[in-house]
Amino acid sequence: MVDSQYYLPNDIGVSALDCGEAFRLLSPQEKMYAHYLSRASWYGGLAVLLQTSPESGNIFVLLQKIFRKQAPEQLEQVATAAGLSSEEYQAFLVYVAGLYANMGNYKSFGDTKFIPNLPKEKLGALVKASQAFQDQPAEMEALWDSCSCRLYSLEDKQKQLGLGDKGITTYFSGNCGLEDAELAQKFLDSKKLPAYNTRLFKRNNGGKDCYEVRLASAVQKDSAVEGECESCCGTFNFEDKEFTVKRGDYAPLMEKVCLNLQAAEAYAANENQRKMLEEYRRSFTSGSVEAHKEGSRYWIKDKGPIVESYIGFIESYRDPFGSRGEFEGFVAVVNKAMSERFAKLVSSAEVLLPELPWPREFEKDTFLKPDFTSLDVLTFAGSGIPAGINIPNYDDIRQSEGFKNVSLGNVLAVAYSTQKEKLTFLEEEDKDVFIKWKCPSFEVQVGLHELLGHGSGKLLIQDDQGKFNFDKSKVINPETGEPVSSWYRGSETWDSKFSTIASSYEECRAECVGLYLCLNKQVLSIFGYDGQDAEDVVYVNWLSMVRAGLLGLEFYTPESKSWRQAHMQARFVILRVLLEAGEGLVGLEEVTGQDGKPDARITVDRSKIHTVGKNAIHRFLCKLQVLKATADVEGGRALYDGYSTVCDSGAHNFFRLRETVLLRKEARKMFVQANTKVNGDSVELVEYEGSAAGLIRSFTERFQDDSEQLEANILELSKLDANCWC
């Protein structure tokens, strides 16, 4: 039997994201606006298939064709006749739901491959017995043959996403390694081209390495386009290598995104929204990140919209080098009651920021008060749905112009509810208080993490003209007592400098800010907690973080000594820091479970959180910020890689604990999202049941109008690069 981490269990949690009430309260104009933004998001989200693995696009099309002809309950009769047991058919449905929910055959949270939990020959028999196969046998046979081997393959390199021999990635051609990624980053920096919407393809031409940088855009011509004084495209020599910059990656999908953004413009509530959509369209048409940044500026100015959204190549977690963004688009409706609490937190930010453990010179000159809202998600297209977001990710905008924070309320309500019998690694007496306060404490943590974690901290910069944003003669590094000796220069950014560790390091910094500031009584009162309730919220927040650090071991790959998930690596680092603090603050021991199998217990001493715990996070957080601010890559890597190391020596055998975590892991929940449909002058919300079958139905109905053309486009895009992954 295959290791259980490579398939999804039949009893995996599948929940419907409830946004019915929020949607009903929208005006007809707001519903139209939300509809077209959702369509743009869903079409763009299909690019994630091509950003994930060589086979994801073909598998998606195969499944869409099967379920467009026969709904899950109809196909069940075919499955039975083809010799599948009810458990095997359920395993197939779970796999399909997983592929849709992750937008590819690698887990969005953890980056490991998952395969169907039924024999390949049984799945092949079901495919060949389906109505889709009966109607188009040659086409369906070719489609099955094109992806069936990789669909099941668990060769070492294909077990997880990674660069070179560490895994599979479609951000880079298969012959690229870390040195190619580093060289490409230097080239992009020299051309002032951000990597967010690019992919890199390497080929050999007469013994010389040549690189193709491909920009995501609807337009495929390489001459200057509207809004550009000269084309960024062309062929350039850089460090004795040839680089060609081209447009047109995901072109048919970007075209669909642009058409729907244009339709949404007619229903925009104000000029900021109109300008924002105009710039987004310019970005997705031409591949200009500058246009997307301009759209993000209008988005920041659009304060307190009823319908909130963001779209583009945003999070860089899954690029093994840490610079390229995965496509993401969300549309959500403001939850006014919870948003009032977050607004109070924003109002208190200027009082709370000085509480953070670094000198004033390492904090932004002025805190740019952002929007901070709680949203009920209508649409979230991409590889997974987070609980909270701080965007845009452009540091130059975040540092000097502002940002927004969102907490996704209906996601929080579903994703972090816990059943007592499934709660692992805690003492029995901790379980009830954990279940009662897990969601409330996480709400506090998300608020602090997004607003004051990602929203805090200055980067010390010298621009292209040689101008500094700090006084070089006066700013002292608190870690060394000496004047600062390093900073960011010119077009260098946090992501380009810290590359492979940037995402996880920043998540760790934001998590530490949440842990540190949740000890503040003013923060707790903003969220409505005082007395014993406040103490319980603090306790569960710290206990939850420590437990998450242990659970994080699931996302570590011993063979390549690499982490596959930024947040979980961050939480493991925090666990290590708190264990190192000693004095009985955190306990972690290996035990034997009631079932006679290996188990573990984690404890936190309540009485030491405000003293030993606070001091440990104070010291660590200051180091993280100072190293980040001063662009000290060497020091930052040494610190972060040191705490990220998983070993079997010392007080804890983390290799053995990892086996225990894998033995007792619970699969991450999947979400079923509604669709919107224009019906005359109104928009109808189509909701689905919270099950694998419901999730499948939502996807087959999502692209009904142009499914055949869309599927042909995806297959063509997959075929175009098929020889690049060998």
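Remember, predicted model here, so these are calculated numbers, not experimental data.

Caption draft 1: Representation of the UniProt feature "active site" (unreviewed entry) in the chain in the model. In this numbering, the UniProt entry assigns the feature "active site" (unreviewed entry) to E450. By secondary structure assignment, the location of E450 is in helix 18 (residues 428-453). Here E450 is in contact with F372, G388, I389, N390, N405 and G455, once residues within four sequence places are set aside.

Caption draft 2: Local environment of the sheet that holds strand 7 (residues 326-334). Taken in spatial order, the five strands make up an open sheet running 6-7-8-10-9, and their pairing is mixed. The open sheet has two edge strands, strand 6 (307-315) and strand 9 (388-391), and neither has a second partner. The mean angle between the axes of side-by-side strands here comes to 35°, regardless of whether they run parallel or antiparallel. Note that strand 6 and strand 7 share eight bridges and pair antiparallel. Within strand 7, the residue paired with E308 across the bridge is A332. Together, strand 6, strand 9 and strand 10 (404-408) form the strand contacts of helix 13 (residues 289-301), whose direction differs from that of strand 6 by roughly 150°. On top of the sheet, helix 14 (residues 336-347) reaches strand 7, strand 8 (371-381) and strand 10; it is set at about 135° to strand 8, its chief contact.

Caption draft 3: Highlighting helix 10 (residues 178-190). End to end, helix 10 covers 19 Å across 13 residues, agreeing with the expected 18 Å (1.5 Å per residue, within 8%). Those residues of helix 10 that fall on the buried side of the exposure criterion are D180, A181, L183, A184, Q185, F187 and L188. Those residues of helix 10 hidden inside the fold are in contact with strand 2 (198-205), strand 3 (208-216), strand 4 (234-238), strand 5 (241-249) and helix 19 (494-517). Downstream of helix 10 by a residue or two, K192 has a phi angle that is positive, lying close to 55°.

The rules we used
- Residues numbered from 1 in each chain as written.
- Predicted model: local features only at pLDDT ≥ 70, side-chain atom pairs only at ≥ 80, totals over all residues.
- Heavy atoms only, no water.
- UniProt positions renumbered as here; feature names shortened; annotations may be inferred.
- Helix = DSSP H or I, 4+ residues; strand = E, 2+ residues; numbered from the N terminus.
- Contact = heavy atoms within 4.5 Å.
- Pairing = 2+ DSSP bridges.
- Axes fitted to C-alpha atoms, helices over the stretch in contact; angles between N-to-C directions.
- Expected span 1.5 Å × (residues − 1).
- Buried < 20%, exposed > 50% of the residue type's maximum accessible area, 1.4 Å probe, protein only.

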